[in-house]
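# An overview of the molecular structure
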Amino acid sequence: MKEDQWFMQLAIEEAKKAEAAGEVPIGAVIVKDNEVIASGFNLRETSQLASSHAEFIAIERANEHVGSWRLEDCSLYVTLEPCPMCAGAILQSRIPRVVYGAKDPKAGCAGSLYQLLNDDRFNHKAEVVPGLMEETCGEMLSQFFRKLRAKKKKNPSTNN
């Protein structure tokens, strides 16, 4: 879908903002009626809050925008497959459609490790569209971590 690519590109732009801030480059946008109503990017290092994931931030902003915790007529576009926390927030906010770029084999809960978004045991499910612009999203993350490892190798005192 052409619109899906457009909105994923906007999520990629959000991820670039995260990277510019020294954060893991993950971005998200929430769309309602073909219009972006909220966006977010990772801010975990900046905020020192575990919940400062791109999806979580975008969901909170979308809640404010629509004046409700329910985001039933929205789609979420995110550059990396949602983790367990974000998948839970997606279900709790009733987002019916999630489009993501790169798979997350270490924490992905939209198909890689678990399939939380389509589990029949929950009272809400989301349609999942995996792998949109996967190469672009994945390469952005790979480059970020390559640079980070090289930086830590050069200056071991920055290792945690």
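Residues numbered from 1 in each chain as written. Predicted model: local features only at pLDDT ≥ 70, side-chain atom pairs only at ≥ 80, totals over all residues. Heavy atoms only, no water.

## Description of the nonpolar core
Counting 40 residues, the largest nonpolar core has I30, I95 and L117 as its most contacted members. Contributions of two or more residues to this core are made by α1 (2-20), β1 (27-32), β2 (35-41), α3 (54-66), β3 (74-80), α4 (84-92), β4 (97-102) and α5 (134-154). What I95 contacts, discounting residues up to four positions off in sequence, is I30, I59, L71, C74, S75, L76, I90, H124, K125 and A126. (Core = buried A, V, L, I, M, F, W, Y, C linked by side-chain atoms within 4.5 Å. Buried < 20%, exposed > 50% of the residue type's maximum accessible area, 1.4 Å probe, protein only. Helix = DSSP H or I, 4+ residues; strand = E, 2+ residues; numbered from the N terminus. Contact = heavy atoms within 4.5 Å.)

## A look at the packing of aromatic side chains
Note on aromatic pairs: each is described by the distance of the centres and the angle between the planes. Applying the stated criterion across every chain, the model contains two aromatic pairs. The interplanar angle of 45 degrees and the centroid separation of 5.4 Å between the aromatic rings of F7 and Y77 together place this pair among those described as tilted. Taken together, the positions of F7 in helix α1 and Y77 in strand β3 put the pair 70 residues apart, joining distant regions of the chain. For F7, a relative accessible area of 5% gives the class buried. When the ring of F144 is compared with that of F145, the centres are 5.2 Å apart and the planes differ by 80 degrees; the resulting orientation is edge-to-face. (Phe/Tyr/Trp six-rings, centres within 6.5 Å; stacked < 30°, edge-to-face > 60°.)

## Some details on the sheet that holds strand β5 (residues 127-129)
Strand order in the open sheet formed by five strands is β2-β1-β3-β4-β5, with mixed pairing between adjacent strands. Both edges of this open sheet fall to β2 and β5, since each of them pairs with a single strand only. Across this sheet, the average inter-strand angle for adjacent strands is 20 degrees, counted without regard to direction. Both β3 and β4 contribute to a ladder of five bridges, which runs parallel. Residue pairing for β4: V78 is matched across the bridge by Y100. Lying on the sheet, α5 is in contact with β3 and β4; it crosses β4 at an angle near 60 degrees. (Pairing = 2+ DSSP bridges. Axes fitted to C-alpha atoms, helices over the stretch in contact; angles between N-to-C directions.)

## Some details on the environment of V128
Its place among the elements puts V128 in strand β5. Its relative accessible area of 19% is what places V128 among the buried residues. Once the C-alpha coordinates of V128 and V99 are considered, the two residues, 29 residues apart in sequence, prove to be 6.0 Å apart. In this structure, V128 is in contact with V98, Y100, A110, Q115, L117 and N118, ignoring residues within four places of it in sequence.

## Considering the pattern of salt bridges
All chains considered together, the criterion is met by seven salt bridges. In this structure, K125 engages D120 in a salt bridge whose closest nitrogen and oxygen atoms are separated by 2.6 Å. A relative accessible area of 41% places K125 in the partly exposed class. R146 is paired through a salt bridge with E139; the nearest N and O atoms lie 3.6 Å apart. When its relative accessible area of 45% is taken as the criterion, R146 is described as partly exposed. E139 gets classed as partly exposed once you look at its relative accessible area, which sits at 36%. (Salt bridge = Lys/Arg side-chain N within 4 Å of Asp/Glu carboxyl O.)

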